[in-house]
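Residue strings, one per chain:
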Amino acid sequence: MQFQNIYTLFRSQTAKYGNTSVFFTRSGNGWESQTWLEFEDKVNDLACAFLAKGLTKGASVAILAGNIPEWSICDLAAIAAGGVGVGIYPTSSTEQCEYVINHSDAEFVIVDSIVQLQKVESIATGFTKVRQILCIEDGGFADFLNTGRSNRAELLPQIEAAATQAGSDDTAIMVYTSGTTGQPKGAMLSHRYVLNSVESLQRSVPIFESDKAISYLPSCHVAERISGIYNRLYNGTPAYFIDDLSKLYEYMLEIKPTVFASLPRFFEKIHASVVSQKGAEYVTSQDVKDAFGGEIRLLTSGGAPLPLEIANFFKRHELPILQAYGLTENICVAFNTVTEHRFGTVGKAMPMCEIKIASDGEILIKGEMMFSGYYKEPEKTAEMFDADGWLKTGDLGELDTDGYLKITGRKKEIIVLSSGKNVAPALVENYVKESHIVSHCFLFGDGHSYCVALITLNQLEAKGLDDIKVKAAIDAIVEKANARVSGPEKIKKYVILDDDFSVERYEITPTMKLKRNVVAANYKEVLEKLYE
């Protein structure tokens, strides 16, 4: 590692870039910038305020906010003051917020809006360790910064002395996994984890100080936390913060980003837009670049499989979308790169990560970027490793002869048919989801002689199609998927649901992963009818 800890990296970068811009936020019809030195001042003021108000060493600071510069400021200030930054999804329910705040032993909670403040205050009587709740919108956060500023002469030297000596194995941040079963777990990520991860990214898909990035994915998710916040910090890359997701495309044309990371669905929409405007046979490489503002050089994707049609379209137009694979416990596992990529895979092992496939097909990993454990849950931590110290991902996969990794399913999601045959549902579900019209596919079959599926629609893509055309389209999609799998894996019957799966009904996590037991329970009668 080039730096011992995150704070020394932070101070090195603020000294290097000084009065150049690091953050851009929307202001009227333009963009307002903040410099690296302003960034440093706010982090130091906030860290001083935390100490002045009694933050305990190792205690957490919970951040409940959208994509704003204050997210990074709060995370780094918590680290500087000897605390641990913990993110909460803005869409979280009051119950979910209360769990993370209490389980993480948060002493301070920072929210971005009055709406989030009201959410948190409604459950404040149940908090066990919280000293203060701060809101950015109502001015409370600014007052808190002033408190830190007035104590800076006394406290900043203490902060600098302690923060620069933080150990590489000390916990820097916590990321709560969105549990598909049970409550989320707090993954403790050390300075070593963060710094080795951004170095691995730099050696795989480098970004630079001359690049322009967009921040719009949730900062509490490990991908945006590491590949976004800390990767940009490590490389001196400025970011534009999107305050209104409905204007992402409009803003992108203004910003003209050079690097862009997203989920497959966004790239599908860009593909559909370009083709509808130009006609498939007339699309040029510049047309595709112009759809991102005209200066784009790097596209990356993760979180779900990228349909081959989309992958081939972008590659054909000299802008390949590079897919990656990782998990909260080790975000940098595999990545397709500009020089080495193979569609249908998530790439080769990243620097500082080893990959092997266990005898039962589970992907095992080892390296210098593994998490330190789950907070207050040693037994669940121990379950994540085999006897030789390999991290058990829970995912099933294959390594081809050239070392490219293909994800084939989830180990715990294996369906056991009445015949004794095992089926990995993710493989079939992902084949169905390659179509733009499908939002989710849920495969079911435990204890039965064949598999059935619940399918939900992407309403934007299905708009304008009547029921007959939708049924015909889904029939063709299922038939195509079935042709790619073995007999036991085939979908024999399916139902198109009227509504998509919902976070509010606990059917999916905030990261859009299916909660299989909840879906099965909610649609028990529908599934039973498919076996009549």
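Look up a bit, the structure's there.
Description of the structure in this document. Computed from a predicted structure; not experimentally measured.

1. With respect to the sheet that holds strand β2 (residues 30-35)
- Taken in spatial order, the 4 strands make up an open sheet running β2-β1-β10-β9, and their pairing is mixed. The open sheet has two edge strands with one neighbour each: β2 and β9 (213-215). Each adjacent strand pair in this sheet contributes to an overall mean axis angle of 30°, direction not counted.
- Pairing of β9 with strand β10 (residues 239-241) involves 3 bridges; the strand directions are parallel. Bridging across to β10, I214 finds its partner in Y240.
- Set on the sheet, helix α2 (residues 36-52) makes contact with β1 (21-27) and β2; between it and β2 the angle comes to about 65°.

2. Describing the packing of helix α11 (residues 264-278) against helix α13 (residues 308-316)
- Contact geometry of α11 with α13 gives a least axis separation of 10 Å together with a crossing angle of 60°. As summarised for this structure, α11 and α13 are arranged oblique, according to the angle between their axes. Here α11 runs over α13; the crossing is left-handed. On α13, the residues touching F267, E268, I270, H271, V274 and V275 of α11 are E309, I310, F313 and F314.
- Of the residues belonging to the contact of α11 with α13, the class tally is 7 nonpolar, 1 polar and 2 charged.

3. Thoughts on helix α10 (residues 248-255)
- Within α10, the full set of buried residues consists of L248, Y251, M252 and I255. Taken down its axis, α10 places every buried residue within 105° of arc, on the same side.
- Looking at the buried side of α10, the elements it contacts are β1, β2, β9, β10, β11 (259-262) and α11.
- At the exit of α10 stands K256, carrying a positive phi of roughly 55°.

4. Things to note about the sheet that holds strand β24 (residues 451-457)
- Strands sit in the order β23-β24-β25 across an open sheet of 3 strands; the sheet is mixed. Two strands in the sheet have a free side with no partner beyond their single neighbour: β23 (438-444) and β25 (491-496). Across the sheet, the axes of successive neighbouring strands diverge by a mean angle of 25°, strand direction being ignored.
- By the bridge criterion, 6 bridges tie β23 to β24 in an arrangement that is antiparallel. The residue of β24 that forms the bridge with L443 is A453.
- Packed onto the sheet, helix α15 (residues 425-433) meets β23, β24 and β25 and runs at close to 150° relative to β23.
- Strands in contact with helix α17 (residues 467-482) are β23, β24 and β25; relative to β25, the strand with the most contacts, it is inclined by about 150°.

Cut-offs applied
- Each chain carries its own residue numbering, running from 1 in the written order of its sequence.
- Since the coordinates come from a predicted model, pLDDT governs what is reported: local features require at least 70, and pairs of side-chain atoms require 80 or more to be given and counted, while whole-chain, interface and lining totals use all residues.
- Water and hydrogen atoms play no part in the side-chain values, which are based on all heavy atoms of the structure.
- Each pair of strands is called paired provided DSSP finds at least two bridges between the two strands.
- Only DSSP runs of H or I with at least four residues qualify as helices, and only runs of E with at least two residues qualify as strands; both kinds are numbered from the N terminus onward.
- Between the N-to-C directions of two axes lies an angle of 0 to 180 degrees, each axis being a line fitted to C-alpha atoms and, for a helix, fitted only over the stretch in contact.
- Throughout, a contact is declared for two residues whenever any of their heavy atoms are within 4.5 Å.
- Throughout, the term roughly parallel applies to angles under 35 degrees, roughly antiparallel to angles over 145, roughly perpendicular to angles from 65 to 115, and oblique to all others.
- It is the rotation of the near helix from the far one that decides the hand of a crossing: anticlockwise by less than a right angle makes it left-handed, clockwise makes it right-handed.
- By the convention adopted, Pro, Cys, Tyr, Trp, Phe, Met, Ile, Leu, Val and Ala count as nonpolar, Lys, Arg, Asp and Glu as charged, and the other residues, Gly among them, as polar.
- Accessible area is worked out with a 1.4 Å probe on protein chains only. A residue is then buried under 20% of its type maximum, exposed over 50%, and partly exposed in between.
- Regarding the arc, it is the one traced by the directions from the helix axis to the C-beta atoms.

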